[in-house]
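Given next are the chains, with one letter for each unit.
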Amino acid sequence: QTSTRNHTDMFETSKKIENSHKEGVWALAWRKDTILSGSADSQVKTWNATTMEHKTLEGHQLGVISVGIDRRGKLAASSGLDMHIRISELESGKLVNDISPGPMESWSIALHPDGDRVASGNQAGNINIWNVETGKKEHDLSATSKVYVMSVAISPDGSLLASGSADGAVNVFDIAAGRRIHSLGGHAMSVRGLSFSPDSSSLLTSSDDMHVNLYDVRSTNSAQTNPVVASFSGHSSWVLSVAYSPDGKLFATSSSDKKVKIWDLSTKQCVHTFSDHTDQVWGVAWNDAGTKLASCSEDKSIILFNVQK
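What comes next concerns the included structure. (Residues numbered from 1 in each chain as written. Predicted model: local features only at pLDDT ≥ 70, side-chain atom pairs only at ≥ 80, totals over all residues. Heavy atoms only, no water.)

Glancing now at the state of the cysteines. All told, the structure shown has 0 disulfides when counted by the stated rule. Free cysteine: cysteine 270, not disulfide-bonded; nearest cysteine sulfur from cysteine 296 at 19 Å. Its relative accessible area of 28% is what places cysteine 270 among the partly exposed residues. We classify cysteine 296 as buried; its relative accessible area is 0%. (Disulfide = S-S within 2.5 Å. Buried < 20%, exposed > 50% of the residue type's maximum accessible area, 1.4 Å probe, protein only.)

As structure tokens, then:
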């Protein structure tokens with residue numbers, strides 16, 4: 001019997017903001033009624049998710065690679081090709097801190113749900129955790145391979161940090177203990193997207209090998225290779241981002257094939273494909289209710305989709 005989730009009327013394109021930035025939009029986050037975007041044009045913008053009116057957060061000198069919002073919806077974090085990590089108050093735009101890790105020391109970032117720390121991956125295969133208030137380094141975690149850390153994510157409960165590397169390696173760390181607890185195999189190329197399940201028990205990873213893998217990260221055994229619980233394929237090019245829905249039943253992916261896909265975890269099937277973008281889609285982000293999804297692309301647009309429950 002076919003699930004009602006397979007019906008196309010469950011999914012629709014809601015709004016497309018053309019030329020949301022002057023250049024490609026590389027990063028996206030959504031919390032409460034605010035969408036945060038970062039672009040190759042060096043700007044970070046905050047968008048009212050209802051009206052799509054925006055404000056600009058200035059400060060980066062080069063393209064913005066990664067953005068994040070804390071759990072309270074109070075702080076915005078961004079990292080740029082200028083190797084600066086900027087933390088700002090989301091509503092006022094006031095700068096809280098400008099962290100400068102040094103040349104090649106920052107790429108993708110993850111803001112801790114509590115907003116007190118921010119993690120960044122570097123070219124040498126390390127993940128640094130910085131104190132947001134003081135700007136000082138609190139932890140220096142080492143991945144298994146000494147290659148570029150392309151992606152980082154922190155679990156919703158704030159206990160785990162995951163990193164994805166250019167050689168396909170995925171590592172999971174216990175933040176409080178400051179040690180690696182999992183080295184996850186399964187990808188053959190760069191891992192650009194990471195997303196923890198809402199209960200922090202599972203991890204989705206997306207890769208240039210055109211696959212998305214699902215891992216169980218609940219086990220806290222010593223650093224051993226976890227088997228892949230499931231692997232998903234359907235994109236015809238690099239899978240650039242992945243995002244669990246807030247209820248943990250669906251996940252979204254975006255790709256260099258210009259597509260955004262919605263997947264059902266129970267059936268392990270793709271239930272809808274959006275083909276609205278005209279260039280590679282760098283990021284996807286859900287609203288807190290899991291009823292809407294946003295995507296950002298090299299085509300300079302931000303698109304909102306409705307996802308019916």
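Taking strand neighbours across the sheet as the criterion, the 4 strands line up as S2-S3-S4-S5 in an open arrangement whose pairing is antiparallel. Looking at the sheet topology across the chains shown, the edges are occupied by strand S2 (25-31) and strand S5 (54-57). Ignoring which end each strand starts from, the neighbouring axes of this sheet average 20° apart. In this structure, strand S3 (residues 34-39) lies alongside strand S4 (residues 44-48), joined through 5 bridges in antiparallel fashion. In the strand pairing of S4, glycine 38 is matched with valine 44. (Pairing = 2+ DSSP bridges. Helix = DSSP H or I, 4+ residues; strand = E, 2+ residues; numbered from the N terminus. Axes fitted to C-alpha atoms, helices over the stretch in contact; angles between N-to-C directions.)

With that settled, consider the packing of aromatic side chains. Tallied over the entire structure, the rule returns 5 aromatic pairs. Summarising the aromatic geometry, the rings of tryptophan 107 and tyrosine 148 are spaced 5.4 Å apart at their centres and angled 70° between planes, so their arrangement reads as edge-to-face. Placement of the pair is tryptophan 107 in the loop between strand S9 (95-99) and strand S10 (109-111) and tyrosine 148 in the loop between strand S13 (137-142) and strand S14 (149-154), with a sequence separation of 41 residues. Of the residues examined, tryptophan 107 reaches a relative accessible area of 22% and is grouped as partly exposed. (Phe/Tyr/Trp six-rings, centres within 6.5 Å; stacked < 30°, edge-to-face > 60°.)

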